[in-house]
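Residue-level listing of the chains:
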Amino acid sequence: MPESANKQAEKRKQFETEALPHMDALLRTALRMAKNRGDAEDLVQETMVKAYRFWDKFELGSNCGAWLFKIMTNIFINEYRSKSRTPVSVNMDDIDDNFLFGQLADITPDKNPEQQLFAKLFDDDVKKAIEELPDDFRLVVVLSFLEGFSYQEIADIVDLQLGTVKSRLHRGRKLLQKKLYDYAVKNGYIKDLAT
């Protein structure tokens, strides 16, 4: 019996060391996915409970954050599917490619313009723009721009082909540029071409 107690204590210690530091990042992403704090907190809680229950499946030394995000994404997708929601369709022809990010790249050429934009602009307007993205695009945008996962890590987390991740990221980027253009002009990050 003491051996079992020791195993449980070791499991708990490993979990606390490896998984708990990712709680803030999980909550940030869950807020973008679920669009309200209560559902986001429930999603993170369910993620952590499931991760603890299946901790023996986690390979120590691998990327715990990516593993946790995959669990959370699967829970969200299953919940999403069970509600039988239909994804929003978007007409990509109406969106100018890379205009906003191109303008920011001219201002700060040595930095990633997308991360620069989100680092500077992450207030209510930006949160709203991200939350208004269709679910398929919002998730990869949040995982890439806000959480810093690589394309391959995102593909593993959301269980998609690498090309699909790149495509969704490209389309999500275009949608965000369109939504954030007026905001960037209003706050002096870029000059309006019409003036």
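As the structure is a prediction and not an experimental result, all values here were calculated from the model.

> So what about the confidence of the model for the protein? Which residues, and what values?
Across the protein, the average pLDDT comes to 78, with 73% of residues at 70 or higher. Confidence over residues 84-109 falls short of pLDDT 50; this stretch has 47 contacts with residues more than four positions distant or in other chains.

> I'd like to hear about unusual backbone geometry, residue by residue, with values.
For residues besides glycine, phi is generally negative; the peptide bonds are generally trans as well. The residue lysine 35 is not glycine, and still its phi comes out positive at about 70°. Looking at the element boundaries, lysine 35 is found in the loop between helix H2 (23-34) and helix H3 (37-53). Look at lysine 35 and you get partly exposed, because its relative accessible area is 41%. Backbone geometry places aspartate 159, a non-glycine residue, at a positive phi of 60°.

> Can you tell me about the pattern of salt bridges, naming the residues and giving the values?
This structure, assessed with the given rule, holds seven salt bridges. Here the salt bridges do not stand alone but share partners, grouping Lys128, Glu132 and Lys179 into one network.

> Talk me through the packing of aromatic side chains; I want residue IDs and the actual numbers.
Enumeration according to the criterion identifies six aromatic pairs in this entry. Between tryptophan 55 and tryptophan 67, the ring centres sit 5.7 Å apart and the planes meet at 70°, which makes this aromatic pair edge-to-face. Separated by twelve residues along the polypeptide, tryptophan 55 in the loop between H3 and helix H4 (64-82) and tryptophan 67 in helix H4 bring together distant segments of the chain. Among the residues examined, tryptophan 55 registers a relative accessible area of 3% and is labelled buried. When the centroid spacing of 5.1 Å and the interplanar angle of 45° are considered together, the rings of phenylalanine 58 and tryptophan 67 count as tilted. Here lysine 11 stacks its cationic end above the ring of tyrosine 52, 4.4 Å away from the centre of that ring.

> I'd like a rundown of helix H9 (residues 151-158), residues and numbers included.
Looking only at H9, the buried set comprises Ile154, Ala155, Ile157 and Val158. In an axial view of H9, the angular spread of the buried residues amounts to 165°, which keeps them on one side of the axis. Phi turns positive, to about 60°, at aspartate 159, one or two residues after H9.

> If you had to explain the environment of alanine 34 to someone new, which residues and values would you point to?
Looking at the element boundaries, alanine 34 is found in helix H2. For the pair alanine 34 and glutamate 131, spaced 97 residues apart in sequence, the C-alpha separation works out to 8.7 Å.

> A description of H2 should follow, citing residues and the corresponding values.
Taking 1.5 Å as the rise per residue, H2 with twelve residues should run 16 Å; its terminal C-alpha atoms sit 16 Å apart, in good agreement. Among the twelve residues that make up H2, nine are buried, leaving the element largely enclosed by the rest of the structure. For H2, the full list of buried residues reads Ala25, Leu26, Leu27, Thr29, Ala30, Leu31, Arg32, Met33 and Ala34. Taken from the residues just after H2, lysine 35 is the one with a positive phi, measuring 70°.

Conventions and cut-offs
Residues numbered from 1 in each chain as written. Predicted model: local features only at pLDDT ≥ 70, side-chain atom pairs only at ≥ 80, totals over all residues. Heavy atoms only, no water. pLDDT = per-residue confidence, 0-100. Contact = heavy atoms within 4.5 Å. Helix = DSSP H or I, 4+ residues; strand = E, 2+ residues; numbered from the N terminus. Buried < 20%, exposed > 50% of the residue type's maximum accessible area, 1.4 Å probe, protein only. Salt bridge = Lys/Arg side-chain N within 4 Å of Asp/Glu carboxyl O. Phe/Tyr/Trp six-rings, centres within 6.5 Å; stacked < 30°, edge-to-face > 60°. Lys NZ or Arg CZ within 6 Å of the ring centre and 35° of its normal. Arc of directions from axis to C-beta. Expected span 1.5 Å × (residues − 1).

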